[in-house]
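Each chain, letter by letter, is given below.
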Amino acid sequence: MKTGLRGMLPQSLRLFLRKIYYAPKDLIETVRGNRSGLIPPTRMIKSIGGGDFRKGGEEFLKLFIELGGLQRTSAVLDVGCGVGRMAIPLTSWLDATARYEGFDITPEEIRWCQKNITPKFPNFHFRHSDVYSHVYNPTAKTRASEYRFPFGDGEFDFVFLTSVFTHMLPADLENYLAEIARVLKPGGRSFITYFLLNDESRELLRQGRSTLDFKFQLEGCMTTDTEAPESALAYSEESVRSLNTRHGLNVGSRIWYGFWCGRSEFTSYQDIVVSTRI
Ligand SMILES: C[S@@+](CC[C@H](N)C(=O)[O-])C[C@H]1O[C@@H](n2cnc3c(N)ncnc32)[C@H](O)[C@@H]1O
């Protein structure tokens, strides 16, 4: 049970208030010219959640290469790209001949990327997709369960989602997985982070060792918050494996598990699933 003002506010309003709170700091930094290089305003960084913005991007670039087989010449799609946390380190790693496309449902973050990243790196493109999310885009009409990605079949070598399926409900997630399979070339890879429920993570949750308490059962997943379920969602490893198979994505021999649930051996915070398009 959540208590206090924070617990009484809907998640979308909390996100909005967080942005208002950091707006004066952003304004002062802009006027002073403090923000050199590709560093987004603090209010946008804070809306992603915890962690060091730059380090998070660098950590994932390494994982995309080592676990996902990302190449310098790859055609890359970043689904739910936010304010470019992953795009920014990719600008200095991908060749100028490579292609990067990112889309997200939050217009302000996309505008920042279009204004600050694309002019310096013309092979990096960002689009706003007006898709509904109770937390991130509560006024949109289009459902994620019906959304068709704005790209043709087989256009990408590498599609990644970092901390996006951890905020998407089952019907939405399944449609996105089908879309990911559609836009990947045969042999192309998806790299997706999740909170996966398996014997180990369930036991750690039971012992109270997890950083997130997935205690509410929804149809097809677990949430930490029944009022705003998309705040954090966990899926059984079995269901994620079978969804991948259903959509022609072959999960590799290994899943890289995270420390979100209190594991002592881990690769990152969330669990990482890399699949190959059949
Ligand atoms: C925690 S943030 C992560 C942002 C970015 N992937 C990163 O790692 O920095 C979650 C992002 O998912 C986006 N998102 C949520 N639902 C989405 C959907 N249906 N389609 C695309 N993006 C979505 C949100 O707008 C938000 O930018």
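Provided above is the structure to which this section pertains.
Residues numbered from 1 in each chain as written. Predicted model: local features only at pLDDT ≥ 70, side-chain atom pairs only at ≥ 80, totals over all residues.

Draft legend 1. View of the overall build of the protein. Check the secondary structure of the protein and you find nine helices and eleven strands. Here the C-alpha radius of gyration of the protein, 18 Å, is about what a compact globule of 278 residues would show, namely 19 Å. Expressed as lengths along the three principal axes of its C-alpha atoms, the size of the protein is roughly 50 × 50 × 40 Å. Put simply, the protein has 278 residues, and 40% of those count as buried. Looking at the protein alone, contacts between residues at least 24 apart form 69% of all its contacts between residues at least 6 apart. (Helix = DSSP H or I, 4+ residues; strand = E, 2+ residues; numbered from the N terminus. Rg over C-alpha atoms; globule rule 2.2 N^0.38 Å. Buried ≥ 20, exposed ≤ 12 C-beta atoms within 10 Å, placed from the backbone. Contact = placed C-beta atoms within 7 Å.)

Draft legend 2. Representation of the sheet that holds strand S9 (residues 233-236). Spatially, four strands are ordered S6-S9-S8-S7 in an open sheet, and the strand pairing comes out mixed. At either end of the open sheet lies a strand with only one pairing partner, and these are strand S6 (196-197) and strand S7 (216-218). Alignment of S7 against strand S8 (residues 221-223), held across three bridges, turns out to be antiparallel. Each residue of the ladder has a partner; that of Phe216, found in S8, is Thr223. (Pairing = 2+ DSSP bridges.)

Draft legend 3. Structural context of the environment of Gly154. Looking at where Gly154 falls in the secondary structure, it is placed in the loop between strand S3 (124-128) and strand S4 (156-161). Considering only alpha carbons, one finds Gly154 and Pro186, 32 residues apart in sequence, at a separation of 7.1 Å. In contact with Gly154, other than residues within four places in its own chain, are Leu184 and Lys185.

Draft legend 4. Just the pairing of strand S2 (residues 99-104), in detail. Of all six residues in S2, five are buried, a share of seventy percent or more. With five bridges joining them, strand S1 (residues 75-79) and S2 adopt parallel strand pairing. Counted as the bridge partner of Ala75 is Arg99 from S2. Bridging between S2 and S3 involves five bridges; their strand directions are parallel. Following the sheet pairing, Tyr100 is matched in S3 by Phe124. Once the chain exits S2 it traverses helix H6 (residues 107-116) before rejoining the sheet at S3, and the crossover so formed is right-handed. (Right-handed = clockwise from strand over helix to strand, strands pointing away.)

Draft legend 5. Region of interest: the site of the ligand. As a matter of local geometry, the ligand sits amid 21 residues, with Gly80, Gly82, Arg85, Ala144 and Thr162 nearest to it. Looking at the shell around the ligand residue by residue, the class counts come to ten nonpolar, eight polar and three charged. (Near = placed C-beta within 6 Å. Nonpolar A, V, L, I, M, F, W, Y, C, P; charged D, E, K, R; others polar.)

Draft legend 6. Spatial organisation of helix H7 (residues 170-183). Taking 1.5 Å of rise per residue, the 14 residues of H7 would be expected to cover 20 Å, and the 20 Å separating its terminal C-alpha atoms lies within 8% of that figure. Turning to H7, its buried residues number three or more, namely Asp172, Leu173, Tyr176, Leu177, Ile180, Ala181 and Val183. (Expected span 1.5 Å × (residues − 1).)

Draft legend 7. Highlighting unusual backbone geometry. Its identity as a non-glycine residue notwithstanding, Ser163 has a phi of 60°, on the positive side. If you trace the backbone, Ser163 turns up in the loop between S4 and H7.

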